[in-house]
Amino acid sequence: MSVVGAEAPVEPAAAVAVEPPARRGLPLATRFALAFLGLVSAVLTINGAIDMWLSWREATNTAFRVQQEKAEAAASRVAQFVSEIEGQMGWTTRAEWARLPVDQRRYDFIRLLRQAPAITELIQVDGQGREQLKLSRLEPDAVGSNLDLSGDPRVAGALRDRIWYGPVTFRRGSEPYMAIGIGHVGRNAGATIAEVNLKLVWDVVTGIRVGETGYAFVTDLRGRLIAHPDMSLVLRDTDLSRLPQVAAAIASPGQAAGGGRVIEGTGPDGRAELSAFTAVPKVGWLVFVELPRQEAFAAVWKALYQTLALLALGIGLAAVAGTLLARRLSAPIRELRAGAEQLGRGDLTSRIPVARGDEIGALATSFNVMAERIQEAQATLERRVEERTADLNEALEQQTATADVLKVISRSIFDLQPVLRTLIDTAVRLCRGSRGTIYLRDGDVLRVAAFHTNVPPALRAHLEATLLRLDDDRAISRAVRNGEVVHVEDFMNDPSTRGSTAPQYAPFGSMLYVPLLRDGEPIGCFSMPREEVRPFNSREIELVKTFADQAVIAIENARLFEEVQARTKELQESLEYQTATSEVLGVISRSAADAQPVFEAIVRSAANLFAPWSANIAIVQNDMLHFMASASASEADSQIIKTLVDGIYPLPLDPEKVPSARAIRDRAIVELTDTAQPDTPEASRKVQVATGFRSMTFVPLLREDEGIGTIILTNRESGHRLTEKQRALVQTFADQAVIAIDNANLFEQVQARTQELEQSLDDLRAAQDRLVQSEKLASLGQLTAGIAHEIKNPLNFVNNFADLSRELVGELEEIVAKTADDSLKAEAGEIAALLRSNLEKVVTHGKRADSIVRNMLAHSRKGGDERRAVDLNATVEEALNLAYHGARAERPGFNVTLARDFDPAAGQVELYPQEFTRVLLNLIGNGFHAVDQKRRDGAVPGFEPTLTVRTRAIGNRIEVQVRDNGTGMPDSVKARIFEPFFTTKPTGEGTGLGLSLSHDIVVKQHGGQIAVETAPGEFTAFTVTLPRGAAAPTGGAAP
Amino acid sequence: MISRRALVQAAAWSALVRPALAQATKRVAIMAAFGEGDREGTARLAAFHRQMQELGWQEGRTVHFDTRWHSGTLAIAREQARELIALRPDVMLVNGTIGMTAIRELSPTVPVTFVVVADPVGSGFIDSLARPGGNISGFSSFEPELGPKWLELIKTIAPSTRHVGALSDPSVTGFARIQRAITEAAPRFGLTSEDVPASTAEEMRDRLGRLLGKPNTGLIVMPASINSVERALIRRIVAEHRAPAVYPFAFHAREGGLIASGFDGIDLFRRSAHYVSRMLNGEAPANLPVQAPTKFELVINVKTAREMGFEVPLLLLAQADEVIE
């Protein structure tokens, strides 16, 4: 309590110091940072503004300069347009040119018109201004017209000025034209006049690119538009003199001639534009180059934004720098405050570091002095507290010792020695004894259980060697016998201890014997001597008794602990056995089909549990004993068994020679404890000789009291038997092995049965599919035949009346021919021709429909054909020839290699010859079509169309196969080929009934089968299988 | 007669398949000269469609075209004009003087771009070339000066020619000024001239036969739409009589006509797309000046000349832009 009290006065002081003083206004650091920031941003802003103003001026100047250069370039290109025309005209102005023959001059003019598309008219005049030659794109040429053109301003101008440019005129008020006149060289020379269509300046003007959206235009000196990217403005004869830039240009033509200047103008659409102009002095035109203000100043705006961004960045940096500086100034003040607060919290050993000599440093020193004073005062208080504490400690010690002993007891319950030693040591120390010994009773004698540390070795050896019997009258015997404390005040002179030999080894003074009592029953004794004679007081005796009681508890604890240990071990063993059994059960459930894994699991478990026993398993099969599995905890044993078994097993079931056989016969365990004995059966002797196993146990596997195998356990040592528990476990293993064998047998049976069932299910399905397919085809056939009957009559009507109408048209034509009206004749003739061609189409397609209907009707034929025996190969050969010649007739270029593979054993077959031939023709015809199709589709080079026909006699059936190497069929087609009306041929070539009919004939009429195999692009093979005769149904099966 | 039936049928079909159009799609009604399927006509329209596409119009999405072919017959053109106007198009593109005549009769308010139309001012379609004034503007074709040029060509290639007939469609007035120019200029070339009016194939067969039956007679084929439609017939009759003939479009000569002098019709169609586009964007035709052709072509078919027994002077060959061997 006094410790807490010493601290108490500091608490209120700390509370006062921690409470922060109320702040007025901004903190020092913030104020400093703001001032710094204000100063820097003012400087930056002024600098930025000046910079922006300068870059604005520079960018404006650049834009103006670029614009001016563009204008000059544009003007030079426009001037070039005019100069080019002038240049082209050049060679017609030579002195001798006018004297050339007129045809030559015409050629030159034609060439000139060719080379200068803008020129629409050319005139040559002589020195007197008379027209000599005129060529025009639009008007007729004039040769030597001598027309007096001297009054024409063009001629007058050309003769006077040598080169003369006419004003821009607008033809019919719309198209801009200009005349160029060039005087010829020489005395009294003529001139060449050209009319130029200024629309072609458009090409030049649109070719001038100014920025993204800028453009150029050309006006004459009055502001009339001559060229503009929007041609319609020119053709509309637009006067642009109102636009400020045009007005300015007209007002100061001199300036324009000198290279122009840049002004702010507006476009024809009123948009603000930066405009520059230059004059083309030769023709007196003004070329304007326009750039929308927005685009021109885009760069300036960009620069402005950049400057603003830089300004923002500068102010940001200033803010950061200001903050950092302010922090540095306020840091020591804060340090000082932190130090003061720490002192205020009571940490008096801490000192504020004084690193500076200024006022803050002095303040820190004062704080430190104050802290030192307080610390001294506190030290005095602490000393007084220490003295009082020492007193209390002594009292505590005894309590602590007792508690320590209890702790030791509770900690080491399974090891008695240290507990007893601690008890003796503590008791001796607390009771101020010299030594101590604990004896434990063992029947009628006492044995030494533990000594005090101080017991000298000689005495120790003496006490251990001496057996203390309890039946004499010595003090220790009395104490134990009566269960009471015996206090000998002077050992050397007391009658009950006289004669003891112990004092030879150590001095003895007073002596205390305290019995150890469990439930009032003495189980030992605690003896404690003092070397000098100084009797024990009652507090000390009580204390020793307490320790004696604790010794009893410790001894009892140790005994109980051992019991628990033994029980636990037992439980663990049976748990292991159970685990092994369940492991084997697990393997059984996992491998129902095979017993071998179970055998292996059993021997593995047995070998693990019964080590050093090895475990083996053998099974009776075919009256012999076969070795199945083996396991051993020792690797060497495993090796030995493995190499051995092949030489010995299988063994005959002879009970005399083979102990396993005896175990099986007797349905009982057979044990051999030493196989080296002469009465050992022969088989085991062999094993013993080879392996050195001396003990063997044979456990029979019993199924319903019948032995079917054995588990054999072997041990290297002689005379060993399995314990009762182990025998029970091996019995369990034996039962499990039997279950596994039964399982495997059952599994095999079930599997065989399942396979049988699956097979019969598959057969059933196939039969069902065949039935469904043939039902489907039969009903489609019926349907087809029914439809054909219904269509036949109307179709006859159509065909007959179409024929009739065709004849009637002929008659109509004859009648019309008689009429006098030519136009009526012509018109009627045309209509009659149309009618005739239409009717021909009706007849053609009617015939086709008729043939389809006839084929359909064949489905319902009543079997006019006789059933008789024919030679199969001859029938097939006949059909093949028929089909081949038919195909050759139909397709002139057709060619195919025919391969025959006839089986001489085919012989006579009973069938309907016509119908069967029909089937063959159909199949062969399809084959021809397929190979021909492949050839036409562009087969690989070297493709040889081949059709193979094969006959085969197979038992009481015959087989005919028609195979082609043509186009083949995809699966989707293959699935449908026997359906009526299904065809892959182009419209008009097939009726789609051929294969449907063939199917009918083969399956229904002949009771046979027709099958198809195919691979797209490779081959198709139809196989017809017929019974040889007897099994065929009677004819006309189809309705 | 057959062709008339086909046309009526085609009209019936087109009425059936007229689809309901989305609100945003602009509708352009096109009245094309020639019969449907004519090679030259198809080429011209293709040039127009291509240019429209380049100007950013997507057929079927932003613009829909309804096209009729009037075959140079005024009666059909009238019928189609009514039909097309009933479709309420945003802009009409009209080809040929016949087509423009038919449209003008109905005086619709829809903006109209015409292309290859002769003398639009003289025909009363517009006020002036520079400022058309109404809802019509476009690309004119021939100017009267070309008439005498044709006379000159005939005289150059067949100097023995004494008489010339100008084959034209009387149902339109647009060619009057060219015809007048021909009549006036003929004596300068030592020629007499006459108008040969024909609006149908029948009339052509009849009148051309009669004209070319006279010796030393040449033929000027005026740029009337019907003359383009029936060009095969004209060439056949001309070939029969081995008469010198001059045609107004390059394709005549390319297909076997003797000589053609005129302008590039395909170029005009291409340019007309700009006006259609501007009108679709709301510009008033009144402010769009009429544009005249700038590209002129002279095409001579030397093969035909050789077959007919004409000798083409070298000077003339030198002027030709294209010579068909």
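Just so we're clear, the structure is a prediction, and the values are computed from it rather than from any experiment.

A.B. asks: Looking at this structure, I do not really get the pairing of strand S12 (residues 285–292) of chain A. What am I missing?
C.D. replies: Side-chain direction in a regular strand flips from residue to residue, so the side chains alternate between the two faces of the sheet. All names here are of chain A. When you tally the buried positions in S12, you get 8 out of 8 residues, the bulk of the element. By the alternation rule, side chains of S12 split into Trp285, Val287, Val289 and Leu291 and Leu286, Phe288, Glu290 and Pro292, which are all buried. As paired strands, strand S8 (residues 215–220) and S12 are joined by 6 bridges and run antiparallel to one another. Bridged to Thr219 within S12 is Leu286. Where strand S11 (residues 272–280) folds back on S12, the antiparallel hairpin that results is connected by 4 residues, among which Gly284 adopts a positive phi of roughly 70 degrees.

A.B. asks: Even after reading the chapter, I still don't get the packing of helix H23 (residues 872–890) of chain A against helix H24 (residues 913–936) of chain A, so can you show me in this structure?
C.D. replies: What describes two packed helices is the angle between their axes and the distance between those same axes. Residue and element names in this part refer to chain A. Direction vectors running N to C along H23 and H24 enclose 45 degrees, while the axes themselves pass 9 Å from each other. One element, H23, and the other, H24, form an angle in the oblique class. Where H23 crosses over H24, the two elements pack in a sense that is right-handed. Side by side, H23 and H24 meet where Leu872, Thr875, Val876, Ala879, Leu880, Leu882, Ala883, Tyr884 and Ala887 of the first sit next to Phe916, Thr917, Leu920, Leu921, Ile924 and Phe928 of the second.

A.B. asks: Can you walk me through helix H9 (residues 231–241) of chain B in this structure?
C.D. replies: Since there are 3.6 residues in each turn of an α-helix, residues three or four apart along the chain are aligned in direction. Arg231, Leu233, Ile234, Arg235, Ile237 and Val238 of chain B are the residues of H9 of chain B that are buried. At the exit of H9 of chain B stands Arg242 of chain B, carrying a positive phi of roughly 50 degrees.

A.B. asks: When you look at the sheet that holds strand S26 (residues 897–901) of chain A in this model, what are you seeing that I'm missing?
C.D. replies: Paired through backbone hydrogen bonds, the strands of a sheet run either parallel or antiparallel to each other. Residues and elements named next belong to chain A. Pairing within the open sheet is mixed, and its 5 strands lie in the order S26-S28-S29-S31-S30. The outermost strands of the open sheet, each flanked by one partner alone, are S26 and strand S30 (1009–1015). Across the sheet, the axes of successive neighbouring strands diverge by a mean angle of 15 degrees, strand direction being ignored. Along the sheet face, H23 touches S26, strand S28 (946–954) and strand S29 (957–964) and points at about 165 degrees away from the line of S28. Running at roughly 140 degrees to S30, helix H26 (residues 994–1005) makes contact with S30 and strand S31 (1019–1027) of the sheet.

A.B. asks: Would you explain helix H13 (residues 416–430) of chain A in this entry?
C.D. replies: Between the first and last C-alpha of H13 of chain A there are 21 Å, a value that for 15 residues agrees with the 21 Å anticipated at 1.5 Å per step. Just beyond H13 of chain A, the residue with positive phi is Arg432 of chain A, at close to 55 degrees.

A.B. asks: Is there a simple way to explain the packing of aromatic side chains in this structure?
C.D. replies: Geometrically, a pair of aromatic rings is defined through the distance of the ring centres and the angle of the planes. For the structure on display, the rule yields 16 aromatic pairs over all chains. With a centroid separation of 5.9 Å and an interplanar angle of 70 degrees, the aromatic rings of Phe48 of chain B and Phe65 of chain B are classed as edge-to-face. You can see Phe48 of chain B sitting in helix H2 (residues 39–54) and its partner Phe65 of chain B sitting in strand S2 (residues 63–69), a full 17 residues away along the chain. Relative accessible area serves as the criterion here: at 0%, Phe48 of chain B is assigned to the buried category. Judged by its relative accessible area of 9%, Phe65 of chain B is buried. Feature note: the residues Tyr215, Phe217, Phe277 and Phe288 of chain A constitute an aromatic cluster, connected by ring pairs. We note Arg530 of chain A situated over the ring of Phe536 of chain A; from NZ or CZ to the ring centre the distance is 4.1 Å.

A.B. asks: Honestly, the pattern of salt bridges in this entry has me stumped. Any pointers?
C.D. replies: A side chain with one charge can pair with a side chain of the opposite charge if their charged atoms come near. What the rule picks out here adds up to 59 salt bridges over all chains. Between Glu175 of chain A and Lys199 of chain A there is a salt bridge, and its shortest N-O distance comes to 3.1 Å. Remark: Lys199 of chain A occurs in the loop between strand S7 (191–197) and helix H6 (201–206) and Glu175 of chain A occurs in strand S6 (residues 175–183); sequence separation between them is 24 residues. Each member of the pair, Glu175 of chain A as well as Lys199 of chain A, is classed as buried. Across the pair Arg207 of chain B and Glu203 of chain B runs a salt bridge, and its minimum N-O distance is 3.9 Å. Within this pair, Arg207 of chain B and its partner Glu203 of chain B are both found in helix H7 (residues 201–213), separated by 4 residues, close to a single helical turn.

A.B. asks: When you look at a nonpolar patch on the surface in this model, what are you seeing that I'm missing?
C.D. replies: Residue and element names in this part refer to chain A. On the surface, Leu28, Phe32, Leu325, Leu329 and Ile333 cluster together into a nonpolar patch covering about 470 Å² of accessible area. Considering every element that reaches the nonpolar patch, the biggest residue donor is helix H11 (residues 298–344), with 3 residues. With respect to the helices and strands, Leu325 occurs in helix H11.

A.B. asks: Help me understand the side chain of Thr437 of chain A in this model?
C.D. replies: Inspection of the secondary structure assignment puts Thr437 of chain A in strand S13 (residues 437–442). In contact with Thr437 of chain A, not counting residues within four places along its chain, are Ile424, Val448, Ala450, Phe451, Val455, Leu463, Cys525, Phe526 and Ser527 of chain A.

A.B. asks: Would you explain the interface of chain A and chain B in this entry?
C.D. replies: Interfaces are often sized by the accessible area lost when the parts come together. Taken together, the contact between chain A and chain B spans 27 residues of the former and 32 residues of the latter. Of all residues in chain A, Leu138, Arg172 and Arg236 of chain A bury the most surface against chain B, accounting for 27% of the area lost on that side. Residues Asp321 of chain B and Arg114 of chain A are paired through a salt bridge, measuring 3.9 Å at the closest nitrogen-oxygen approach. Joining chain A to chain B, the criterion identifies 9 residue pairs in polar contact (both at pLDDT 80 or more). Elements with a minimum of two residues in the side of chain A that touches chain B: helix H4 (102–115), helix H7 (231–235) and helix H22 (822–858) of chain A. If you tally residues by element for the side of chain A that touches chain B, the top one is H4 of chain A, at 5 residues.

A.B. asks: How should I be thinking about the sheet that holds strand S7 (residues 192–197) of chain B in this particular structure?
C.D. replies: Residues and elements named next belong to chain B. Pairing within the open sheet is mixed, and its 7 strands lie in the order S7-S6-S8-S9-S10-S11-S12. If you trace the sheet from one side to the other, it starts and ends with S7 and strand S12 (322–324), each paired once. The sheet shows a mean angle of 20 degrees between the axes of neighbouring strands, taken without regard to direction. Two elements, strand S6 (residues 163–168) and S7, share 6 bridges in a ladder whose sense is parallel. From the neighbouring strand, His163 faces S7, where its bridge partner is Thr192. Seen against the sheet, H9 touches S6, strand S8 (217–221) and strand S9 (245–247) and runs at an angle of roughly 160 degrees to S9.

A.B. asks: Help me understand the confidence of the model for chain B in this model?
C.D. replies: Low-confidence regions, as indicated by low pLDDT, have predicted coordinates that should not be scrutinised in detail. Residues and elements named next belong to chain B. Residue-level pLDDT values for chain B average 85, and 93% of them are 70 or greater. Ranking the elements of chain B by mean pLDDT puts helix H1 (residues 2–17) last with 46 and S9 first with 93. Per-residue pLDDT stays below 50 along residues 1–5; that stretch engages in 4 contacts with residues further than four places along the chain or on separate chains. Low confidence marks residues 8–23, where pLDDT is under 50. Its contacts with residues over four positions away, or in another chain, come to 8 contacts. Interface scoring of the predicted complex returns ipTM 0.77; its pTM is 0.45.

A.B. asks: How should I be thinking about the environment of Glu202 of chain B in this particular structure?
C.D. replies: Tracing the sequence through the fold places Glu202 of chain B in helix H7. Classification of Glu202 of chain B as exposed rests on a relative accessible area of 53%.

Reading the values: rules and limits
- Throughout this document, residue positions are counted from 1 along each chain, in the order its sequence is written.
- Starting at A for chains and at 1 for ligands, labels are handed out in the order in which the entities are written.
- The predicted origin of the model limits local features to residues at a pLDDT of at least 70 and limits the giving and counting of side-chain atom pairs to 80 or more, whereas totals for whole chains, interfaces and linings rest on all residues.
- Hydrogens and water are ignored here; the side-chain numbers use all heavy atoms of the structure.
- Buried means the residue's accessible area, taken with a 1.4 Å probe over protein chains only, is under 20% of the maximum for its type, while exposed means over 50%, and partly exposed covers the values in between.
- For helices the rule is a DSSP run of H or I covering at least 4 residues; for strands it is a run of E covering at least 2, with both sets numbered from the N terminus onward.
- Here, a strand pair is defined by DSSP locating no fewer than two bridges between the strands.
- Geometry is summarised by axes, namely lines fitted to C-alpha atoms with helices restricted to the contacting stretch, and by angles between N-to-C directions that run from 0 to 180 degrees.
- The labels follow the angle: roughly parallel below 35 degrees, roughly antiparallel above 145, roughly perpendicular from 65 to 115, and oblique for the rest.
- For a crossing to be left-handed, the near helix must be turned anticlockwise from the far one by less than a right angle; the clockwise case is right-handed.
- Two residues qualify as a contact provided that any one of their heavy atoms is within 4.5 Å of a heavy atom in the partner residue.
- What a helix should span is 1.5 Å times the count of its residues minus one.
- Any two of the Phe, Tyr and Trp rings considered here, Trp counted by its six-membered ring, make a pair once their centres fall within 6.5 Å; the pair's planes then place it as stacked at under 30 degrees, edge-to-face at over 60, or tilted in between.
- Here, over-ring charges are defined by two tests on the NZ atom of lysine or the CZ atom of arginine: distance to the ring centre within 6 Å, and angle to the ring normal within 35 degrees.
- Basic side-chain nitrogens of Lys or Arg form a salt bridge, by our definition, when they fall within 4 Å of a carboxyl oxygen of Asp or Glu.
- Exposure above 30% relative accessible area and no salt bridge define the residues that can form patches, which grow by joining like charges within 9 Å and nonpolar side chains of Val, Leu, Ile, Met, Phe, Trp and Tyr within 5 Å.
- Methods summary: accessible areas were calculated by the Shrake-Rupley approach with a probe of 1.4 Å, and residue burial reflects only the protein chains presented.
- The term buried area means the drop in 1.4 Å probe accessible area that two parts suffer when joined, counted for both and summed.
- Between N or O atoms, a polar contact is any pair within 3.5 Å; within protein, one atom must be a potential hydrogen donor and the other a potential acceptor, and residues adjacent in sequence are included only when both atoms are from side chains.
- A score between 0 and 100, pLDDT records how confident the predictor is in each residue.

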